[in-house]
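Observations on the three-dimensional arrangement
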Amino acid sequence: MVIIGIDPGETSGWAAIRICNGRPRLLDYGLIPRLAAGQSGLLSSVMCWLDNLSSRFDIESVIIVYEEVIKSYKINTRIESTEVRGIIRHWCNKYLHGRNYSILPVQVRSQLGVPTKGSKKNIALFIERVFGFKPTGPSHVTDAIAVALAQAVRSNFVTRL
């Protein structure tokens, strides 16, 4: 089972974890590359990245989970995040037959046992503890790793972290 976590937005982070014997293993992570400027460039970049997933992973064993937006985000961020989530949902319904889930940021923290209030450093420290290294890149990447882990916990795929 491969779980791909996505933190959608103007800059979208992603992470892929595989569950082996009840333990998560981080396969890869990064930012979805921006192929062109502007809103249409963002959406086509996400679609292209999703289309290339089948060349990297056995698509029949993939679950995608993405973080939902919360109302306190800036309006531009909410619009971009919502549109990216729409692309993800459309792609998942077409190719993964609905094997996609959404999760709120507070649910991510709750599933991982990270305090629901506080800085994103708490998430980064948790990821470092689970995998034994600090992921490089912006917080979008760390958030995507946390999203994938939270789905693994929520689905009872992980027996311990």
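A look at the overall build of the protein chain
Broken down by element type, the protein chain carries six helices and five strands. When the helices and strands of the protein chain are read in sequence order from the N terminus, they spell out β-β-β-α-α-β-α-β-α-α-α. By the compact-globule yardstick of 15 Å for 161 residues, the protein chain fits well, its C-alpha radius of gyration being 15 Å. Across its three principal axes, the protein chain shows a C-alpha extent of roughly 40 × 35 × 25 Å. Out of the 161 residues in the protein chain, the part that is buried amounts to 46%. Side-chain charges in the protein chain split into 20 positive and 12 negative, and the spacing between the mean points of these groups amounts to 7 Å.

What about the packing of aromatic side chains?
Scanning all chains against the criterion turns up three aromatic pairs. Between tryptophan 14 and tryptophan 49 the ring centres are 5.2 Å apart and the planes differ by 55°, which places this aromatic pair in the tilted class. Taken together, the residues tryptophan 14 in strand β2 (residues 13–20) and tryptophan 49 in helix α1 (residues 38–51) connect sequence positions 35 residues apart. The pair formed by tryptophan 14 and tryptophan 49 is uniform in burial state, with each residue classed as buried.

A look at a nonpolar patch on the surface
Nonpolar side chains collect at one region of the surface, where Ile70, Leu104 and Val106 lie side by side and expose about 210 Å² of accessible area between them. Mapped onto the secondary structure, isoleucine 70 falls in the loop between β4 (62–67) and α3 (75–95).

Cut-offs applied
Within each chain, residue numbers correspond to sequence positions counted from 1 in written order. In view of the model being predicted, local features appear only for residues whose pLDDT reaches at least 70, and side-chain atom pairs are presented and counted only at 80 or more, with totals across whole chains, interfaces and linings using the full set of residues. Heavy atoms throughout the structure, all of them, feed into the side-chain values; hydrogens and water do not. Every helix listed is a DSSP run of H or I at least four residues long, and every strand listed is a run of E at least two residues long, numbered separately from the N terminus. It is over C-alpha atoms that the radius of gyration is taken, and the globule rule equals 2.2 Å times the number of residues to the power 0.38. For every residue, the accessible area (1.4 Å probe, protein chains only) is compared with the maximum for its type, and the residue is labelled buried under 20%, exposed over 50%, or partly exposed between those bounds. A residue counts as positive if it is Lys or Arg and as negative if it is Asp or Glu; His and the chain ends are not included. To locate a charge, take atom NZ for lysine, CZ for arginine, CG for aspartate or CD for glutamate. When two rings of Phe, Tyr or Trp (its six-membered ring) have centres within 6.5 Å they constitute a pair, described as stacked for plane angles under 30 degrees, edge-to-face for angles over 60, and tilted for the intermediate range. Candidates for patches are residues over 30% relative accessible area with no salt bridge; among them, like charges are joined within 9 Å and nonpolar side chains (Val, Leu, Ile, Met, Phe, Trp, Tyr) within 5 Å. Accessible surface is estimated by sampling points in the Shrake-Rupley manner with a 1.4 Å probe; for residues, cover comes only from the protein chains shown. For this analysis, a salt bridge means a side-chain nitrogen from Lys or Arg found within 4 Å of a carboxyl oxygen belonging to Asp or Glu.

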